[in-house]
Amino acid sequence: YQPAIARDGVRIEVVANIAAPEEAAKTVDAGGEGVGLLRTEFLFLGRDQAPTEEEQAEAYSQMVRALNGLPIIIRTLDIGGDKAVPYMAMPAEENPFLGERGIRLCLNRPALFRTQLRAIFRAAALGPVRIMFPMIATLEELARAKALTEEVRLELGADPVEIGIMIEVPSAVMMAEELAAQVDFFSVGSNDLTQYTLAVDRMHPVLSRQADGLHPAVLRMIDRTVRAADKAGKWVGVCGGIAGDPLGVVLLTGLGVRELSVSIPSIAAVKAQIRGLSMERARALAQRALACTGAAQVRRLR
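Read on for an overview of the structure. These figures come from a predicted structure and were not determined experimentally. Counting restarts for each chain: residues are numbered from 1 in the order of the written sequence. Selection of residues for local features in this predicted model requires a pLDDT of at least 70, selection of side-chain atom pairs for listing and counting requires 80 or more, and totals for whole chains, interfaces and linings are taken over all residues. Neither water nor hydrogens contribute to the side-chain values; these are computed over all heavy atoms in the structure.

## Remarks on the overall build of the protein
- Helix and strand counts for the protein stand at 13 helices and nine strands.
- C-alpha atoms define the radius of gyration, and 2.2 Å times the number of residues to the power 0.38 defines the globule rule. Here the protein has a C-alpha radius of gyration of 19 Å; the compact-globule value for 302 residues is 19 Å, and the two agree.
- Structurally, the protein occupies a C-alpha span of about 50 × 45 × 35 Å along its principal axes.
- In the protein, 68% of the contacts between residues at least 6 apart in sequence involve partners at least 24 apart.
- Taking the average place of the 34 positive charges on the side chains of the protein and the average place of its 36 negative ones, the gap between the two points comes to 7 Å. Starting at the N terminus, helices and strands are each numbered in turn, a helix being any DSSP run of H or I of at least four residues and a strand any DSSP run of E of at least two. We call two residues contacting when some pair of their heavy atoms lies within 4.5 Å. Only four residue types enter the charge count: Lys and Arg as positive, Asp and Glu as negative, with His and the chain ends excluded. In this description, the location of a charge corresponds to atom NZ of lysine, CZ of arginine, CG of aspartate or CD of glutamate.

## A look at the pattern of salt bridges
- Only one rule defines a salt bridge in this text: a Lys or Arg side-chain nitrogen within 4 Å of an Asp or Glu carboxyl oxygen. Going through the model one piece at a time under the given rule, you end up with 21 salt bridges.
- Between glutamate 177 and lysine 231 there is a salt bridge, and its shortest N-O distance comes to 3.4 Å. Highlighted residues: glutamate 177 in helix α7 (residues 176-180) and lysine 231 in helix α9 (residues 216-231), separated in sequence by 54 residues.
- Partly exposed residues are those whose accessible area sits between 20% and 50% of the maximum for their type, while under 20% is buried and over 50% is exposed, using a 1.4 Å probe and protein chains only. Since its relative accessible area comes to 64%, lysine 231 is described here as exposed.
- A salt bridge links arginine 299 to aspartate 245, with the nearest nitrogen and oxygen atoms 3.1 Å apart.

## Quick word on the side chain of aspartate 192
- Structurally, aspartate 192 is set in helix α8 (residues 190-198).
- Beyond its immediate chain neighbours, meaning those up to four positions away, aspartate 192 contacts Phe97, Arg101, Glu168 and Arg202.

## Focus: α8
- Every buried residue of α8 is accounted for by Ser190, Asp192, Leu193, Thr194, Gln195 and Tyr196.
- The inward-facing, buried residues of α8 abut β6 (162-167), α6 (170-174), β7 (185-188), α9 and β8 (235-238).
- Two residues or fewer past α8, alanine 199 is found with a positive phi of approximately 55 degrees.

## Comments concerning unusual backbone geometry
- Positioned with a positive phi, asparagine 68 is a non-glycine residue whose angle comes to about 55 degrees.
- One can find asparagine 68 in the loop between α2 (53-67) and β4 (72-75).
- With a relative accessible area of 69%, asparagine 68 lands in the exposed category.
- In this structure, methionine 135 is a non-glycine residue whose phi angle is positive, near 60 degrees.
- Among the structural elements, methionine 135 can be located in the loop between β5 (129-133) and α5 (139-156).

## Overview of the pairing of β5
- For β5, the tally of buried residues reaches five of five residues, placing the bulk of the element in the interior.
- What you see with β5 is no split at all: Val129, Ile131 and Phe133 on one side and Arg130 and Met132 on the other are buried throughout.
- Two strands form a pair only when DSSP identifies at least two bridges running between them. For β4 and β5, the ladder comprises four bridges, and the chain directions are parallel. Within the sheet, the bridge partner assigned to isoleucine 72 lies in β5 and is valine 129.
- When β5 meets β6, the two strands line up parallel, connected through four bridges. Within the sheet, the bridge partner assigned to isoleucine 131 lies in β6 and is isoleucine 163.
- The handedness of the β5 to β6 crossover, carried by α5, is right-handed. Look down the strands so they point away from you; if going from the first strand over the helix to the second traces a clockwise path, that crossover is right-handed.

What follows is the structure, given as structure tokens:
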């Protein structure tokens, strides 16, 4: 339950990725400092119709109450790609990871999006809730999502909440300065950022091993994102697999990432690692990693 403070005084928040209401209490028991990613898809999968506002509000509220004042980042629906929902009548796509997924799907189905946003704002009355939009690729998408969110907030008379976006596609990295001016935080989805940067399907039976999130191309994307956020006075978290990788912990903190969102069983180990970490060493190692030519070279760093 001790905070993750490096030997030279830098604090890193260690939070959890969760996908079910009961996991909120488990996060607290494991020493998590909140939830960095609530995957709301669990409410929409394995059923014949979309969940009602009441169902969603109750599930989100249950988690907020269980966290007892700790923050929760609720990612809006990220259906599409490898997650299909039959009742949404989504058209067949040759390249579903490049198709109607994440925020694109929500903007194309505003009634569905509004219902989820209403439920989130209702839960936000009970504790610190942040909203995060997935798969933002352009400033126009962010503007539309924020406008719809503000409409819903005003309709409900709810208090404002912090709004952030997932950094998962190269276009978001390249526009990070402009995006940072419009949001409160970034969270790097390193699994998707890796597959879009390296053009490798992370589920591919032959090529998936090449989708290494510690490839210097991916690390340079994260470095650029952090520098853009720092310039705007915003913070950056990482909620992909490399956030729980021992070498990833060192490199990400060395690049200036200030929140690591990991699986619940990894929380204690990541916090312990950070408490033994020298940020000076982490920064030096991160700079060496950025200069590497491949993932294997990065993983040989000591």
